[in-house]
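Observations on chain architecture
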Amino acid sequence: MSEEVKEVKKKDDVVCIGLDCGTMHLVCARSDSPEVKMTRNVFLKLDSEIQMTDLSEISYVENEDGQFFIIGSDAFTYANIFGKEVSRPMEKGLISPKEIAAIDVLTLMIKNLIGDVKGKDTYCSYSIPAQAIDEDRTVTYHENVFARILKSLGVNYTSVNEAMAIIYSECAKEKFSGIAISFGAGMANVAIAYKGIEALTFSTARAGDWIDKEAASSLGMVPNRVTSMKEKYMQLSGEVSVQNKKTKRILEALFYYHKALIDYTVKKIIKEFDDKVDVEIAEPIPVVISGGTSMPKGFVEMFKDVISGYELPFEISEIRRAQNPLTAVANGLLIRTVSDVKGMGK
Amino acid sequence: MDTTLILRISEKGFYVNIPGVSPTRTPADIDITKTNLNLVLSFLRSSGIKDFTILSKSELGEKVIKSKDIMFKKKEKDEPKENVKEVEKRLDRLENMIGRLLTKKDEGISKDQIKNKLDFLEVLIKNINISEQNTQFKSEVKREPEIEELDTFIPDIDISGLSMKGESSQEILNGSGDIDESANLLSKLLNQGKRGGKK
């Protein structure tokens, strides 16, 4: 994390931003707005196979060559209609090596999300995943691409670990001590923090996309379709009110893969803690669950159930869900930005 | 002499999709005779499958190689690096040995002799793992290029030719408590370092 100290203007001219760069969603929180803006981090290139006569109702990007890219939720909707896979600037939590050309489209989406910062000193913390323990890719390229995007938009930037952002957002009452787990689309990110200082961060390459892919593969379907069903109907507790047999089968498969994901993550937390944490954490700490994959009803209960089957190397005070699993990272990043800017004496 | 290699995974609940082998669910016995063993081990590592057995079946009998003998050993921080040289020497000896074995094939070498050589080979393979770990450790350190190199590699971003129509984002009320209060507390707790990149 490199250095930037700049003569800052009076308070009203300073804008602090938290930008969550997720595989599935881009989420932005601003210090001068009570609202958090969110868009799906996907696009769909319109090619000769897809003919659209009316683009007035959808959001899209057009380039110099007259090519169209449907962006955000609309891309997802139309991909489902046409039975296509959406293009994703990110894959498994990092900038996708397959979609390098999409960086310009991503920049435009982020510009739109951040909004107007003209004439203001803008400071932004953006999220990066921790190094994955079960995959070889590094986060360096990803971190630098987002740095360059923010630089091109005239924003002062710093990168912050995604799971630590959840600690900043959700663990103020415990003085920023706790275990945060962000079950995103591409990765599960974990941070163990004690009084605001990170004791351990790591990520695994298994998260929501892994669930969708495995469920789709088991049932011979396109992952998009499974994702769509999951977001519409998935709940991990109580009665599911769908009659359609095929949908029921999808939900059943999704149930088992949710459980497998949680089990895998808990095992990794225990192992990483045993191997790498030297600090003795005296008092019980909370576990905060966040991320889009933790949204289905019953996820936290399933997590409690799975973790109760293990002997843990730390004591847990409670297991709770983030106040809003979709915006917790952006909110925590905003807290970190404001804290840093205050620390600069502004 | 035909040898069949079988990968046995007893732990339930994994979906195994090794390139070149039909996907299957565990527990399963998977024929990996025609598959690159490194590819198989790499898949197992990336999938977090740590408990498996490789069965080597041939006319001479059955050999069992357990996962703990092959991979996933904890890195010993103080592992001496001179092991690499030692293993290189052994590899040279092994190469000579196999060479001699091949030239003798028409002279009617006995099955017992082949078995002895193969037993010796197995011991050597186990030792090679130590050097592999050292090599991996070294490559991990070197894998990440310098930031400056990356910075020149990442293409410049030019959105001047792009135009955007419509609103793709949605707005949600941020109800996650008092940002300022949390930021003050965090600011007090953190030993304030220096602030990030420059626009």
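Because the structure is a prediction, the values reported are computed rather than measured.

All names here are of chain B. Of all residues in chain B, 56% have pLDDT values of 70 or greater, and the mean over the chain is 67. Mean pLDDT per element in chain B: helix 5 (residues 147-153) is the minimum at 48, and helix 6 (residues 179-189) is the maximum at 89. Note that pLDDT drops below 50 for residues 130-150; the model gives that stretch 20 contacts with residues more than four away or on any other chain. Our summary of model confidence lists the complex with pTM equal to 0.66 and ipTM equal to 0.80.

The strand order across the open sheet built from 4 strands is 4(A)-6(A)-5(A)-7(B), with neighbouring strands paired in antiparallel fashion. Each edge of the sheet is formed by a strand with only one pairing partner; in this case those strands are strand 4 (43-45) of chain A together with strand 7 (163-165) of chain B. The average angle at which neighbouring strand axes cross in this sheet is 25 degrees, direction not considered. With 3 bridges connecting them, strand 4 of chain A and strand 6 (residues 68-71) of chain A associate as antiparallel partners.

For the rest of this paragraph, the subject is the environment of Val105(A). Residue and element names in this part refer to chain A. Along the polypeptide, Val105 turns up in helix 2 (residues 103-114). Distance in space between the C-alpha atoms of Val105 and Pro89 is 8.5 Å, their sequence separation being 16 residues. Beyond its immediate stretch of four places on either side in the chain, Val105 contacts Phe43, Val61, Phe69, Ile71 and Pro89.

Moving on: the pairing of strand 9 (residues 121-128) of chain A. Strand residues, when the strand is regular, have side chains that alternate between the two faces of the sheet. Residue and element names in this part refer to chain A. Burial analysis of strand 9 places 8 of its 8 residues in the buried class, which makes it a mostly covered element. What you see with strand 9 is no split at all: Asp121, Tyr123, Ser125 and Ser127 on one side and Thr122, Cys124, Tyr126 and Ile128 on the other are buried throughout. Sheet topology note: the strand 1 (residues 14-21)/strand 9 ladder contains 6 bridges and is parallel. Across the sheet, Val14 pairs through a bridge with Asp121, a residue of strand 9. With 6 bridges connecting them, strand 9 and strand 10 (residues 156-161) associate as parallel partners. Across the sheet, Cys124 pairs through a bridge with Tyr157, a residue of strand 10. Remark: the strand 9/helix 3 (residues 140-152)/strand 10 crossover connection has right-handed handedness.

Right, let's get into the interface of chain A and chain B. Every contact between the two is made by 73 residues of chain A and, on the other side, 47 residues of chain B. Per-element tally for the side of chain A that touches chain B: the top contributor is helix 9 (residues 328-343) of chain A, with 10 residues. Of the residues that constitute the side of chain A that touches chain B, the class distribution is 30 nonpolar, 25 polar and 18 charged. Sheet topology note: the strand 5 (residues 60-62) of chain A/strand 7 of chain B ladder contains 3 bridges and is antiparallel. Its bridge partner lying in strand 7 of chain B, Glu62(A) is registered against Ser163(B).

This brings us to the sheet that holds strand 4 (residues 28-31) of chain B. The pairing of strands in a sheet comes from backbone hydrogen bonds and takes either a parallel or an antiparallel form. Residue and element names in this part refer to chain B. Taken in spatial order, the 4 strands make up an open sheet running 4-1-5-6, and their pairing is antiparallel. The sheet is open, and its two borders are formed by strand 4 and strand 6 (61-66), each paired with just one other strand. Within this sheet the neighbouring strands show an average axis-to-axis angle of 25 degrees, counted without direction.

This part covers the packing of helix 5 (residues 208-219) of chain A against helix 7 (residues 245-276) of chain A. Residue and element names in this part refer to chain A. Where helix 5 contacts helix 7, the axes come no closer than 9 Å and their chain directions differ by 135 degrees. The angle between helix 5 and helix 7 falls in the class oblique. Crossing hand, helix 5 versus helix 7: right-handed. Contacts between helix 5 and helix 7 involve Trp210, Ile211, Glu214, Ala215, Ser218 and Leu219 on the former and, on the latter, Arg249, Ile250, Ala253, Leu254, Tyr257, His258 and Leu261. The residue makeup of the contact of helix 5 with helix 7, split by class, is 9 nonpolar, 2 polar and 2 charged.

Asp74(A), Ala75(A), Phe76(A) and Ala79(A) are the residues of helix 1 (residues 73-82) of chain A that are buried. For helix 1 of chain A, the elements touching its buried residues are strand 3 (35-40), strand 4, strand 6 and helix 6 (223-233) of chain A.

As a further point, take unusual backbone geometry. Residue and element names in this part refer to chain A. At Lys175, a residue that is not glycine, the phi angle is positive and equals roughly 55 degrees. With respect to the secondary-structure elements, Lys175 resides in the loop between helix 4 (162-170) and strand 11 (178-183). What makes Lys175 partly exposed here is the crowd of 15 C-beta atoms within 10 Å. With a phi close to 50 degrees, Lys195 is a non-glycine residue in the positive phi region.

How each quantity is defined
Residues numbered from 1 in each chain as written. Chains lettered and ligands numbered in written order. Predicted model: local features only at pLDDT ≥ 70, side-chain atom pairs only at ≥ 80, totals over all residues. pLDDT = per-residue confidence, 0-100. Helix = DSSP H or I, 4+ residues; strand = E, 2+ residues; numbered from the N terminus. Contact = placed C-beta atoms within 7 Å. Pairing = 2+ DSSP bridges. Axes fitted to C-alpha atoms, helices over the stretch in contact; angles between N-to-C directions. Buried ≥ 20, exposed ≤ 12 C-beta atoms within 10 Å, placed from the backbone. Right-handed = clockwise from strand over helix to strand, strands pointing away. Nonpolar A, V, L, I, M, F, W, Y, C, P; charged D, E, K, R; others polar. Parallel < 35°, antiparallel > 145°, perpendicular 65-115°, else oblique. Left-handed = near helix turned anticlockwise from the far one by under 90°.

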